[in-house]
Amino acid sequence: MSRLMVSISGLRGEIGSTLTPEVIQKYTLAFAKYINGGKIILGRDSRVSGPFVADIVRGCLVAGGCEVIDIGIVPTPTVQLEIEHHKAAGGIAITASHNPVQWNGLKFMASDGRFLPPDAAQQVFSMADRNEKDLKSWEQLGSVIQDDGAIRRHVQKVLQISYLDTEAIRKRRFKVVVDTVNGAGGVIIPQLLKELGCEVIAINQEPTGKFAHTPEPLPENLTELCERVRSEKADLGFAVDPDVDRCAIVDNEGNPIGEEYTLAIAAKLVFSKQPGRMVVNMSTSRASEDIAKYYNCMFVRSKVGEINVAEKMKEIDAIIGGEGNGGVILPEVHLGRDAPVAVALTLQALLEHGGSLKELKASLPQYNMVKKKINIAGLDPDKILTDLQEKYKDNDIDTLDGLKIDFEKSWVHLRKSNTEPIIRVIAEAPTSKEAEELAGRFLKEITQKS
Ligand code: MG
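Let's shift gears to the sheet that holds strand β1 (residues 5–7). Reading across from one edge, β1-β2-β6-β5-β3-β4-β7 is the order of the seven strands in this open sheet, with mixed pairing throughout. Every interior strand has two partners, whereas the edge strands, β1 and β7 (143–146), have only one. When the angles between neighbouring strand axes are averaged without regard to direction, this sheet yields 15°. Where strand β5 (residues 90–94) lies against strand β6 (residues 103–109), four bridges are found, and the strand directions are antiparallel. Residue pairing across strands places Ile94 opposite Leu106, the latter belonging to β6.

The next thing to look at is the coordination of the magnesium ion. Ser97 (OG), Asp241 (OD), Asp243 (OD) and Asp245 (OD) make up the full set of protein donors to the magnesium ion, lying at 2.1 Å. Here the donor residues of the magnesium ion share one chain and are spaced in sequence as S-x143-D-x1-D-x1-D. In terms of burial, Asp243 and Asp245 fall into one category: buried.

For an α-helix, 3.6 residues make a turn, and residues three or four places apart therefore share a direction. When the terminal C-alpha atoms of helix α1 (residues 21–35) are compared, their 21 Å separation across 15 residues agrees well with the 21 Å that a helix rising 1.5 Å per residue should span. For α1, every residue scored as buried is listed here: Val23, Ile24, Tyr27, Thr28, Leu29, Ala30, Phe31, Ala32 and Ile35.

Moving on, we come to the pattern of salt bridges. As enumerated under the stated definition, the model contains 35 salt bridges in all. Between Lys391 and Glu445 there is a salt bridge; the shortest N-O distance is 2.9 Å. Of this pair, Lys391 sits in helix α14 (residues 381–391) while Glu445 sits in helix α15 (residues 432–449), and the two are 54 residues apart along the sequence. Sharing partners across several salt bridges, the network here consists of Lys107, Asp243, Asp245, Glu306, Glu323 and Arg337.

When two helices pack together, their arrangement is given by the angle between the helix axes and by the axis-to-axis distance. Contact pair helix α9 (residues 260–273) / helix α10 (residues 286–294): the axes reach a minimum separation of 9 Å and the direction vectors enclose 10°. Judged by the inter-axis angle, α9 sits roughly parallel to α10. Note on element contacts: α10 touches α9 through Ala287, Ser288, Ile291 and Ala292, opposite Tyr261, Leu263, Ala264, Ala267, Lys268 and Phe271. Grouping the amino acids of the contact of α9 with α10 by side-chain chemistry returns eight nonpolar, one polar and one charged.

By size, the foremost hydrophobic cluster in this structure holds 72 residues, and its most contacted members are Phe238, Ile320, Leu345 and Leu347. In this structure, Ala32, Leu42, Ala54 and Ile92 belong to the second largest nonpolar core, which totals 33 residues.

So, on to the domain arrangement of the protein chain. When its domains are assigned, the protein chain resolves into domain 1 (5–148), domain 2 (154–250), domain 3 (260–362) and domain 4 (368–448). The centre of domain 3, based on its C-alpha atoms, is set 25 Å off from the matching centre of domain 4. Listed as interface residues are 10 residues of domain 3 and, on the opposing side, 15 residues of domain 4. For the pairing of domain 3 and domain 4, the buried interface totals around 1,000 Å² over both sides, and the portion due to carbon and sulfur atoms is 51%. Its largest share of buried area at the contact with domain 4, domain 3 owes to Met282, Ser283 and Arg286, together 60% of the area lost on that side. Between domain 3 and domain 4 we count one salt bridge in total. We note a salt bridge from Asp406 to Arg286, for which the minimum N-O separation is 2.8 Å. Our count for the domain 3 to domain 4 interface comes out at nine residue pairs in polar contact (both at pLDDT 80 or more). Here the residues of the side of domain 3 that touches domain 4 sort into two nonpolar, four polar and four charged.

Basis of the calculations
Residues numbered from 1 in each chain as written. Predicted model: local features only at pLDDT ≥ 70, side-chain atom pairs only at ≥ 80, totals over all residues. Heavy atoms only, no water. Pairing = 2+ DSSP bridges. Helix = DSSP H or I, 4+ residues; strand = E, 2+ residues; numbered from the N terminus. Axes fitted to C-alpha atoms, helices over the stretch in contact; angles between N-to-C directions. Donors = N, O, S within 2.8 Å, 3.2 Å for Na, K, Ca; no water. Buried < 20%, exposed > 50% of the residue type's maximum accessible area, 1.4 Å probe, protein only. Expected span 1.5 Å × (residues − 1). Salt bridge = Lys/Arg side-chain N within 4 Å of Asp/Glu carboxyl O. Parallel < 35°, antiparallel > 145°, perpendicular 65-115°, else oblique. Contact = heavy atoms within 4.5 Å. Nonpolar A, V, L, I, M, F, W, Y, C, P; charged D, E, K, R; others polar. Core = buried A, V, L, I, M, F, W, Y, C linked by side-chain atoms within 4.5 Å. Domains from an automatic or database assignment. Buried area = accessible area lost by both parts, 1.4 Å probe. Polar contact = N/O pair within 3.5 Å; in protein donor to acceptor, adjacent residues only side chain to side chain.

Structural data, given as structure tokens:
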């Protein structure tokens with residue numbers, strides 16, 4: 001049986017086993033107490049379990065004295081934007097992000113529209129563990145109102161990005177295939193593309209929550225999109241995950257260019273127009289780093305996790321950032337990963353490049369990444385990492401989040417999991433062969449220590 005996954009990005013579990021009505025109730029009541037009343041934005045992705053989870057969440061928020069503004073089936077970044085729009089005290093997105101259909105979960109957000117910072121999230125989780133709640137009397141109960149304008153406002157906000165020349169994009173009449181995997185992106189992504197004058201071919205568009213394929217936008221899950229880009233002779237294809245914070249791109253020949261390149265394309269566009277600072281997590285491709293350095297811009301790495309990237313971006317006043325999994329953060333819109341933002345920036349970048357998407361990708365620094373994991377059951381992951389740190393102490397190492405070792409043209413990042421007895425090994429090098437070899441070398445080093 002799967003376990004309930006509790007992390008800084010929220011709560012995830014399987015319906016019918018770990019994400020029970022009691023669990024949803026416990027965490028929502030703790031959050032309502034933490035927020036101490038006020039307006040709460042509530043949105044959900046399209047999962048089949050969404051309506052019943054939302055019923056429980058709404059009920060608990062009302063019982064805790066919150067004024068719920070229910071914005072329906074929307075991307076997670078839309079919930080974040082609506083917190084700012086309504087000047088709300090916080091928000092909850094009901095989603096299990098890219099996890100398969102049997103999962104669902106809750107993501108908690110603060111009044112600034114970002115995820116709860118790690119210490120605040122920990123506080124809410126501890127309160128939930130202690131069953132803390134603040135149930136209101138009948139005259140202090142909260143209320144629920146519906147607001148169906150959230151997606152329209154999100155699209156408008158994206159169209160106003162200062163780096164876009166929307167008129168020029170419209171004139172280019174891009175032909176785009178988009179796969180929203182029956183998730184929450186089925187309305188917003190085609191709508192945004194149409195506003196940008198694109199000829200849109202939408203597949204898996206109905207937000208039924210019955211995902212047409214494994215929903216994580218990895219190359220192996222995008223075969224239908226790739227085929228359609230080829231058969232339609234489209235300029236490019238976009239795939240987003242069910243809660244629309246990650247965006248992957250398929251080139252004009254129907255080949256996925258790799259999620260890492262979504263952020264690299266956005267970074268190049270932004271820095272070509274304005275100098276500034278960039279933050280990515282420690283596992284993100286060096287392609288973005290090379291681009292930032294090319295433009296003489298400051299580049300900083302944070303711990304893994306959207307909130308860690310967003311916190312660092314706020315701290316150093318970055319103008320672009322994100323995660324290599326297709327998560328672009330543009331503070332001009334808001335401090336959260338946003339697939340509609342990624343879509344718009346990609347079209348502007350392609351317009352300015354002038355050639356095909358394949359050529360645009362070829363013009364960027366070329367790297368390949370491999371991700372592995374190794375079972376270390378019964379062993380101390382911290383000791384394994386400390387021993388390797390000692391062994392490689394003369395190299396360029398970073399221990400902010402696990403152990404990262406930078407070599408001249410490659411790097412490896414080792415992280416223990418907080419939920420399973422494994423160590424993740426991520427390696428990047430100019431070719432996939434070199435990346436495989438580098439990862440293999442470190443897997444072997446870990447095995448030898450085992
Ligand atoms: Mg997601």
